[in-house]
Amino acid sequence: MGTYNDNVTINENTDLSVVVRIQPDNYEVSVELPAQSTGKQVIDSLIEEPSLGISRINQEGQPYIFRLVSKGTGVQIQENVTLLDAGVKHNDTLLLFPVIEAGGI
């Protein structure tokens with residue numbers, strides 16, 4: 001369990017207010033996410049949100065794999081790791097960016 005400003009306890013029942021910077025367009029959205037959300041759940045909810053217009057494929061028709069990284073620590077939040085376990089705190093910035101797997105056809 002982490003703490004925020006020594007006054008707020010962050011646990012599995014906490015919602016975190018974070019900024020997600022969506023690459024490659026470099027625009028930001030403010031969101032509230034449950035601390036127990038996994039990296040995969042966060043990525044899926046963001047790319048499935050129609051208002052964000054995030055493409056799942058590139059111009060050549062190859063599917064993207066998305067990565068979620070904490071800007072503050074530079075650490076990738078793995079698909080099965082919760083935001084709480086990854087050390088994400090209120091007001092952190094998360095980077096969401098697409099990656100093309102080498103050799104994909």
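Everything below is about the structure shown above.
Residues numbered from 1 in each chain as written. Predicted model: local features only at pLDDT ≥ 70, side-chain atom pairs only at ≥ 80, totals over all residues. Heavy atoms only, no water.

With respect to the helices and strands, threonine 38 occurs in the loop between β4 (27–34) and α1 (39–47). Residues within four places of threonine 38 in sequence aside, it is in contact with Glu79, Asn80, Val81 and Thr82. (Helix = DSSP H or I, 4+ residues; strand = E, 2+ residues; numbered from the N terminus. Contact = heavy atoms within 4.5 Å.)

What follows is about the side chain of histidine 90. With respect to the element layout, histidine 90 can be found in the loop between β5 (65–70) and β6 (93–99). The class for histidine 90 is buried, based on a relative accessible area of 15%. Of note is the side chain of histidine 90, whose polar atom sits 3.4 Å from the backbone nitrogen of serine 17. (Buried < 20%, exposed > 50% of the residue type's maximum accessible area, 1.4 Å probe, protein only. Polar contact = N/O pair within 3.5 Å; in protein donor to acceptor, adjacent residues only side chain to side chain.)

This brings us to the environment of tyrosine 27. Note that tyrosine 27 resides in strand β4. Judged by relative accessible area, which is 26%, tyrosine 27 ranks as partly exposed. Taking the C-alpha atoms as reference points, tyrosine 27 and leucine 52, 25 residues apart in sequence, are found 9.7 Å from one another. Among residues more than four places away in sequence, those in contact with tyrosine 27 are Val20, Arg21, Ile22, Leu52 and Ile54. Of the polar contacts made by the side chain of tyrosine 27, one reaches the backbone oxygen of leucine 52; its length is 2.5 Å.

In terms of nonpolar packing, the biggest core is built from 20 residues, with Val20, Leu83, Leu94 and Leu96 touching the most fellow members. Elements supplying a minimum of two residues to this core: β3 (15–22), β4, α1, β5 and β6. Setting aside residues no more than four positions away along its own chain, leucine 94 makes contact with Val18, Val19, Val20, Arg21, Leu33, Leu68, Val69, Ser70, Ile77, Leu83 and Val88. (Core = buried A, V, L, I, M, F, W, Y, C linked by side-chain atoms within 4.5 Å.)

Turning our attention to unusual backbone geometry. The amide bond that connects glutamine 23 to the next residue, proline 24, takes the cis arrangement and shows omega of 5°. Relative to the assigned elements, proline 24 resides in the loop between β3 and β4. Despite not being glycine, asparagine 26 shows a phi value in the positive range, around 65°. In this fold, asparagine 26 is placed in the loop between β3 and β4. Despite not being glycine, asparagine 91 shows a phi value in the positive range, around 70°. Among the structural elements, asparagine 91 can be located in the loop between β5 and β6.

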